[in-house]
Amino acid sequence: MSRLLYSAVFFALLPLLFLRLWLKGRKSPNYRKRWAERLGFFDVPEKHSGGICFHCVSVGESIAAIKLIKSIKSQYPTHPVTVTTTTPTGSAQIQSAFGNEVFHVYLPFDTPGAIKRFFNKIQPKVLVIIETELWPNLLYYAKKTQCKTILANARLSQRSAKGYQKVASLTEQMLTNLDIVAAHNIEDGQRFVELGLVPTKLAVTGSIKFDISSNPALVEQSIALKEQWAPNRPIWVVGSTHQGEDEAVLQAFAQILKQHPDTLLILVPRHPERFKQVEQLLIAQQISYTKRSTGQSPTPSTQVILGDTMGELNLFWAMADICFVGGSLVEHGGHNPLEPALFAKAILTGPHTYNFKQIYELMEAQGAVILTPDWQMLGNSVIDLLNDTQRRQLLGMNAKQVLDRNRGALERLKSLIKPLLIV
């Protein structure tokens, strides 16, 4: 498929894309806002034109990029910084982290007109795309405007590579327009080469997801909050759950309560549009709960705290005795286990972890995670860990060691960006 044919098809699909935003807006109203940005219509303060642009699709990519962006801003304070996302939750994450320190806008849909308007307004010298977000027109016009492009923290599973192979000519065009691919590992990097990337453009940097650090103030807050909420109760934190997963978690929790009736579950859905849905599930099952958003502390009879706020999952991980990383009991591909690993917590996950395949393989090899194929095994595993403090602590220490041994990608990535900024 040629880029021109792709562009024609994409343009024809625009009404469906806006319909999709409208439908998603039924649960998350922010999807119905800022539509002009999706077509490249927005105003840019003059001081933010030029410099470096980071593209982060949603929450996960935004969290991964925050430390990199802050480091670049600190090292090159005169360079304007723009950060783009495609989802409201990603937007909220960036605005929470930076406020007015960076210019934030949605990345437009990948039509020639919208992307040309984007580059005319932003005029970036360098575009850093976090993970594997390849758009033909975005990369074409970056090259045409002499904007250097880095695909950072790049990962490419075998399954994704097969998908790109189906449009081989278009994929090769995109890879030709990239200046650098900074891959997680040599296996991912080799897949890019097999799809047409010039080998000299490949750098293996590791994952910047390992380069996270704890906030002492957050740790202190977690200690105080645990003392306030449940000083003598075990806390099980289940984070980033998806549709169909909460039911399984609550089945496991019912099993846990039979042996450890004082366990407190902090349940945090991945997306805010599901907060109400999960609350209705708790009501239907007659589970005693409170919502974090109310600010009320749980009573001794409270069984579940519904984490219906944004940006507090790390606080909850720090409080936990045992953590379960969601998106893994259903076929979503899992979420990042390194955030609870930072606090040396015992970590469990479901079987579907292909989004973080290499990280989970490392952790499994080092005895740093327990994989649970279903809710029965999940419940039994939590019970076993609550009965065995020493094993729980060892699991957490192993997780922290995996994190510490694999740091360094951030500095390697910065060394690739630096020459492009000083040209």
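Look a little higher up for the structure.
Quick summary incoming for the structure in this document. Computed from a predicted model, the values in this text were never measured in an experiment. (Residues numbered from 1 in each chain as written. Predicted model: local features only at pLDDT ≥ 70, side-chain atom pairs only at ≥ 80, totals over all residues. Heavy atoms only, no water.)

Burial of the side chains of strand β3 (residues 103–106) extends over both faces: Phe 103 and Val 105 are buried on one face and His 104 and Tyr 106 on the other. Sheet analysis places strand β2 (residues 81–85) next to β3, joined by four bridges and oriented parallel. Counterpart to Thr 84 in the pairing with β3 is Val 105. Handedness of the crossover is the feature at issue here: the chain leaves β2, passes through helix α4 (residues 88–98), returns alongside β3, and the resulting connection is right-handed. (Buried < 20%, exposed > 50% of the residue type's maximum accessible area, 1.4 Å probe, protein only. Helix = DSSP H or I, 4+ residues; strand = E, 2+ residues; numbered from the N terminus. Pairing = 2+ DSSP bridges. Right-handed = clockwise from strand over helix to strand, strands pointing away.)

Helix length check: helix α3 (residues 59–75) (17 residues) gives 25 Å between terminal C-alpha atoms against 24 Å at 1.5 Å per residue, within 8%. The principal kink in α3, of about 40°, is found at Ala 65. Residues Val 59, Glu 61, Ser 62, Ala 64, Ala 65, Ile 66, Leu 68, Ile 69, Ser 71 and Ile 72 constitute the buried set of α3. The inward-facing, buried residues of α3 contact β1 (52–55), β2, α4, β4 (126–130) and α18 (409–421). (Expected span 1.5 Å × (residues − 1). Bend = angle between axes of the 7 residues up to and from the residue. Contact = heavy atoms within 4.5 Å.)

Tallying each qualifying case throughout the model produces 12 aromatic pairs. Ring geometry for Tyr 6 versus Phe 10: centroids 5.8 Å apart, planes at 55°, classification tilted. Here Phe 10 and Tyr 6 lie together in helix α1 (residues 3–12), a separation of four residues that amounts to about one turn. Owing to a relative accessible area of 12%, Phe 10 belongs among the buried residues under this scheme. Pairing Trp 236 with Phe 253 gives two aromatic rings, centres 6.4 Å apart and planes at 40°, and the pair type is tilted. Highlighted residues: Trp 236 in strand β8 (residues 235–241) and Phe 253 in helix α11 (residues 245–259), separated in sequence by 17 residues. By the burial criterion, Trp 236 is buried, and Phe 253 matches it. Taken together, the aromatic side chains of Tyr 6, Phe 10, Phe 18, Trp 22, Trp 35, Phe 109 and Trp 135 make up a single cluster linked through ring pairs. Its end group placed over the ring of Tyr 106, Arg 34 keeps NZ or CZ at 4.0 Å from the ring centre. (Phe/Tyr/Trp six-rings, centres within 6.5 Å; stacked < 30°, edge-to-face > 60°. Lys NZ or Arg CZ within 6 Å of the ring centre and 35° of its normal.)

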